[in-house]
Amino acid sequence: MTQLHDTGNTPAPWTEHKATAVLVLADGTVFKGKGFGATGAIEAEVCFNTALTGYQEIMTDPSYAGQIVTFTFPHIGNVGTNIEDIEDLTPASRHGAVGAIFKAAITDPSNYRSAEHLDTWLKARGIIGLSGIDTRALTAHIRNNGVPNAVIAHDENGVFDIPALKKRAADWSGLVDLDLAKDVTVGQTTSWSEKPWVWDQGHSENSDTAIHIVALDYGVKRNILRLIAGLGAKITILPAKSTAEDVLALNPDGIFLSNGPGDPAATGEYAVPTIKTLIDSGIPLFGICLGHQLLALAVGGNTVKMHQGHHGANHPVKDYTTNKVEIVSMNHGFAVDSKSLPAGITETHVSLFDGSNCGLSVDGKPVFSVQHHPEASPGPQDSHYLFRRFFNLIREKQGKEKLAERA
């Protein structure tokens, strides 16, 4: 990094500033810049996210476990952080991204909701940060070569053993065949009643227990649970390795398969048998993200590792059931292979960026799922109807009048 000092009429030389953080890719590429957040070094997969807002929600999404997030928007941290925008269920466990890369250095926050500076918050979360690099170049590298394995390191004295870091990056096995859901799931059965945030009021508690939803937690986000609770449901959360018998013993009206990190094929080793039994139960079932991929595996489909993944808040998706296009938030590095879906499974949603699968339903059963995140609300709330669609399957089974999908 260099800086030109203005001393009046006398030209000043460029001053070299010692790098205090580095990103070392498995192919040997090195990016040097200024460190922030936690110190240390960690192996992870590097992806890029195109969202302009929501950096705190992004970095606390358990689906980002094992990943370093490169933000393509240059100014991150302007609104600070607060306790309401955290997405993981157990903040003390710090499930989420392990690294963050920004173009510009973090500035002081300017927002009425800010409770803590982003740099301070990152230190407490154990997230290693790197700024001052050409994030466009890194993004282009990922687009051209695919998501790389890497090591991100931060040392306040700028002391790095680059050859050793290159070896660590090259030796790391990556996310393929890695089950991370078991690491981010709740440790025991718990309940949820908090409803969505309302301006100038915050969150409120749901007292309606007419509908009981059991959520299998593979790395669930809080706002998913809030939107379900907001429609009037009692929610019981079970650990990822819970059996179908555990779920059915709670007599649920609906079953939810959550988002989460890692390779769905690895998590599917224990999740797929459970999901198969739950499909056969006839109870309405809805899956999001990893939950969608696990459902696809349970009905006989396959999943594949994507070249660069989908990470952002501006992805167009077409809903074939309505022929409408919605702008959605996405975060996934694996995808369902559309061609692998067997007869009896309908593809309901598709990405208009690359044609990849974004949704499915099981013919003749109250079972469906989507790849994108309808709860994320990156501005538009185009996909909130999916929660009402889920509730309508339950209400239909109960003999109740359906809700309007779009309020």
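Cut-offs used in this document
- In every chain, residue numbers begin from 1 and rise along the written sequence.
- With pLDDT at 70 or above as the cut-off, local features in this predicted model cover only qualifying residues; side-chain atom pairs require 80 or more to be listed or tallied, and sums for whole chains, interfaces and linings still use all residues.
- Remark: hydrogens and water are excluded; side-chain values derive from all non-hydrogen atoms of the structure.
- Surface patches are drawn from residues lacking salt bridges whose relative accessible area is over 30%; two like charges belong together within 9 Å, two nonpolar side chains (Val, Leu, Ile, Met, Phe, Trp, Tyr) within 5 Å.
- A 1.4 Å probe and the Shrake-Rupley method give the accessible areas. Residues count as covered only by the protein chains that appear here.
- Note on definitions: salt bridges are taken to be side-chain nitrogens of Lys or Arg within 4 Å of carboxyl oxygens of Asp or Glu.
- Elements are defined by DSSP. Helices are runs of H or I of four residues or more, strands are runs of E of two residues or more, and each kind is numbered from the N terminus.
- Per-residue accessibility, obtained with a 1.4 Å probe over protein chains only, is compared with the maximum for each type, and a residue is labelled buried under 20%, exposed over 50%, and partly exposed between these values.
- In this analysis, two residues are considered to be in contact whenever any of their non-hydrogen atoms come within 4.5 Å of each other.
- A helix is expected to span 1.5 Å multiplied by its residue count minus one.
- Cavity means a closed set of points on a 1 Å grid over the protein atoms alone, one where a 1.4 Å probe fits but cannot get out, pocket means an open set with protein on both sides within 12 Å along at least 5 of 7 lines, and lining means a residue has an atom within 4 Å of a point.
- Grid points are joined across faces, edges and corners, and a volume is the space filled by probe spheres set on the points.
- UniProt positions are given in the numbering used here, feature names are shortened, and annotations may be inferred rather than shown by experiment.

Q: Tell me what's going on with a nonpolar patch on the surface, and back it up with residues and numbers.
A: Where nonpolar side chains cluster on the molecular surface, the patch consists of Tyr112, Trp197 and Trp199 and spans about 420 Å² of accessible area. Here Trp199 lies in the loop between strand 10 (190-192) and strand 11 (211-217). Note on Trp199: relative accessible area 57%, which makes it exposed.

Q: If you had to explain helix 6 (residues 222-230) to someone new, which residues and values would you point to?
A: It helps to recall that an α-helix has 3.6 residues per turn; residues three or four apart then point in one direction. Here helix 6 lies mainly inside the structure; eight of its nine residues are buried. On its buried face, helix 6 is in contact with strand 10, strand 11, strand 12 (233-239), strand 13 (254-257), strand 14 (285-288) and helix 10 (385-398). After helix 6 finishes, the residue Gly232 shows a positive phi value of roughly 95°.

Q: Got a sec to walk through helix 10? Specific residues and values, please.
A: Taking 1.5 Å of rise per residue, 14 residues should cover 20 Å, and helix 10 covers 20 Å from first to last C-alpha, within 8% of that figure. By the burial criterion, the buried members of helix 10 are Tyr385, Leu386, Phe387, Arg388, Arg389, Phe390, Phe391, Asn392 and Ile394. At the C-terminal side of helix 10, Gly399 shows a positive phi close to 80°.

Q: How would you summarise the layout of surface pockets if you had to cite specific residues and measurements?
A: A volume near 1,000 Å³ is recorded for the largest pocket. Along the wall of the largest pocket there are 45 residues; nearest its centre are Gly54, Glu57, Asp85, Ala376 and Ser377. Mapped by element, the contributors of at least two residues to the lining of the largest pocket are helix 1 (55-59), helix 6, strand 15 (303-319) and strand 16 (324-336). Take the lining of the largest pocket: its biggest share by element is four residues, from helix 1.

Q: I'd love a proper account of the UniProt feature "active site" (unreviewed entry) in the chain, names of residues and values included.
A: UniProt records the feature "active site" (unreviewed entry) at Cys289, His373 and Glu375, using the numbering of this structure. The greatest C-alpha distance among the residues just named is 11.3 Å, despite their covering 87 residues of sequence, which places them together in space. Narrowing the list just given to those that line the largest cavity leaves Cys289. Residue position: His373 is located in the loop between strand 19 (367-370) and helix 10. Filtering out sequence-adjacent residues up to four positions away, His373 remains in contact with Asp61, Lys221, Asn259, Ile288, Cys289, Ser329 and Asn331. Structurally, Glu375 is set in the loop between strand 19 and helix 10. Classification of Glu375 by relative accessible area gives buried; the value is 1%. If we ignore the near neighbours within four places in the chain, the residues touching Glu375 are Lys221, Asn223, Ile224, Leu227, Ile288, His384 and Phe387.

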